[in-house]
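The chain contents come next:
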Amino acid sequence: MTAPSSVNSPQTTVKVLSEALPYIQKFSGKTLVIKYGGNAMTQDDLIDSFCRDVVLLKEVGINPVVVHGGGPQIGDLLKRLNIESRFVNGMRVTDSETMDVVQMVLGGLVNKEIVSQINLAGGKAIGLTGKDGQLIKAKKLKVSHKTPEMTAPEIIDIGHVGEVESVDTALIEMLASRDFIPVIAPIGVDAQGASYNINADLVAGKIADALKAEKLILLTNVAGLQNKEGKVLTGLTTAQVDELIADGTIYGGMLPKIRCALDAVKDGVQSAHIIDGRVPHATLLEIFTNAGVGTLITNQISS
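Residues numbered from 1 in each chain as written. Predicted model: local features only at pLDDT ≥ 70, side-chain atom pairs only at ≥ 80, totals over all residues. Heavy atoms only, no water.

- The chain has the name Acetylglutamate kinase in an unreviewed UniProt entry, where Marinospirillum celere is given as its organism.
- We quote the UniProt Sequence similarities (unreviewed entry) comment for the chain here in full: "Belongs to the acetylglutamate kinase family. ArgB subfamily."
- Comment text from UniProt for the chain, heading Subcellular location (unreviewed entry), reads "Cytoplasm". (UniProt positions renumbered as here; feature names shortened; annotations may be inferred.)

Brief notes about the layout of surface pockets
(1) Moving on: The volume enclosed by the largest pocket comes to roughly 1200 Å³.
(2) Moving on: Taken together, 42 residues form the lining of the largest pocket, with Met 91, Ile 198, Asn 199, Ala 200 and Asp 201 sitting closest to its centre.
(3) Moving on: Residue assignment for the lining of the largest pocket shows that the elements contributing at least two residues are β1 (31-36), α3 (71-80), β4 (91-92), β9 (162-167), α6 (200-211) and α8 (254-266).
(4) Moving on: Tallied by class, the residues present in the lining of the largest pocket amount to 17 nonpolar, 15 polar and 10 charged. (1 Å grid on protein atoms, 1.4 Å probe; cavity = no way out; pocket = protein on both sides within 12 Å on 5 of 7 lines; lining within 4 Å. Points joined across faces, edges and corners; volume = space filled by probe spheres on them. Helix = DSSP H or I, 4+ residues; strand = E, 2+ residues; numbered from the N terminus. Nonpolar A, V, L, I, M, F, W, Y, C, P; charged D, E, K, R; others polar.)

Some details on empty space enclosed by the protein
(1) Moving on: As enumerated under the stated definition, the model contains 1 cavity of 30 Å³ or more in all.
(2) Moving on: Its boundaries defined by the atoms lining it, the largest cavity holds a volume of some 50 Å³.
(3) Moving on: Taken together, Ala 40, Leu 46, Ser 49, Phe 50, Asp 53, Leu 219, Gly 277, Val 279, His 281, Ala 282 and Thr 283 form the lining of the largest cavity.
(4) Moving on: At the level of secondary structure, the elements contributing two or more residues to the lining of the largest cavity comprise α2 (44-59) and α9 (282-288).
(5) Moving on: For the lining of the largest cavity, the element with the highest residue contribution is α2, accounting for 4 residues.
(6) Moving on: For the lining of the largest cavity, a count of residues per class yields 6 nonpolar, 4 polar and 1 charged.

Re the packing of aromatic side chains
(1) Moving on: A complete count under the given rule lists 1 aromatic pair for this structure.
(2) Moving on: A centroid spacing of 3.8 Å and a plane angle of 5° characterise the contact between Tyr 36 and Phe 50, whose relative ring orientation is stacked. Of this pair, Tyr 36 sits in strand β1 while Phe 50 sits in helix α2; the two residues are 14 residues apart in sequence, bridging distant segments of the chain. Each of the two residues, Tyr 36 as well as Phe 50, counts as buried.
(3) Moving on: In this structure, Lys 124 packs its charged tip against the face of Phe 180, placed 4.5 Å from the ring centre. (Phe/Tyr/Trp six-rings, centres within 6.5 Å; stacked < 30°, edge-to-face > 60°. Buried < 20%, exposed > 50% of the residue type's maximum accessible area, 1.4 Å probe, protein only. Lys NZ or Arg CZ within 6 Å of the ring centre and 35° of its normal.)

Things to note about the environment of Met 174
(1) Moving on: Along the polypeptide, Met 174 turns up in helix α5 (residues 170-177).
(2) Moving on: Met 174 sits 12 residues away from Gly 162 along the chain, and the two C-alpha atoms are 26 Å apart.

Some points on the confidence of the model for the chain
(1) Moving on: On average, residues of the chain carry a pLDDT of 88, and 92% of them reach 70 or more.
(2) Moving on: Note that pLDDT drops below 50 for residues 1-7; the model gives that stretch 4 contacts with residues more than four away or on any other chain. (pLDDT = per-residue confidence, 0-100. Contact = heavy atoms within 4.5 Å.)

With respect to the pattern of salt bridges
(1) Moving on: Using the criterion set out here, one finds 7 salt bridges in the structure.
(2) Moving on: Across the pair Glu 214 and Lys 30 runs a salt bridge, and its minimum N-O distance is 3.5 Å. You can see Glu 214 sitting in the loop between α6 and β13 (215-220) and its partner Lys 30 sitting in the loop between α1 (10-27) and β1, a full 184 residues away along the chain.
(3) Moving on: Judged by relative accessible area, which is 13%, Glu 214 ranks as buried. (Salt bridge = Lys/Arg side-chain N within 4 Å of Asp/Glu carboxyl O.)

Dropping the structure here:
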């Protein structure tokens, strides 16, 4: 009989479960909002591990709420339909025709695939957009652009791109109380019934704030927030993050994600986590192990 490997041995399994126990006890009954995107959403093995993680969270008494993106899938369908993709300040210009595609992809194809995969893993997922139950009230996002020679910034119309005005949590809370896992596409609606495409990180942050969630978890394609030497930083307070923005350590594409996490914590979410979605079971590793697998931001100063 072959001896079990150290990685998969019963002793290792028991050790992992023992380490996870205090975290399970601490977070049982609490809400976690998870923004799902990047590699974790496009690679089969990572899709499977993410969905299993979400189901396990629900099984141990934690209430996960999933908010997903879908930019690459939208781009692929627009290309197949010969609709040009244009971007301003990293945001997709979304005319009426493009918005129709966004709703088909986010609210239909991507959302229902995630729901299906979570259900196959043994969960009870329900797919929503921000239009359902007046979940996300949106308003048009105003984008300004200014060059050195301009005396005043130019306001650019990028179409049906919005920002969150308010979140009604009644539907999410009702589903969670009945053991369903809400899976939300980041589409909002304004008072006139117009639909808007909204950045999924921002939607996740606003939903976490409205729910007063224990954690906001943002899956990314990087190891976490890194300093100038490439070391992953964690256990940061909001004040420390503000300092890292001010001194230029945080810049470029990471800034919007960090600001989203920062705003959520400042508004009452207990902690925000920016984690590496390329790591199998990244969500469980971050929540249930001492080492974690990304960057933790909190208002609390460790003693």
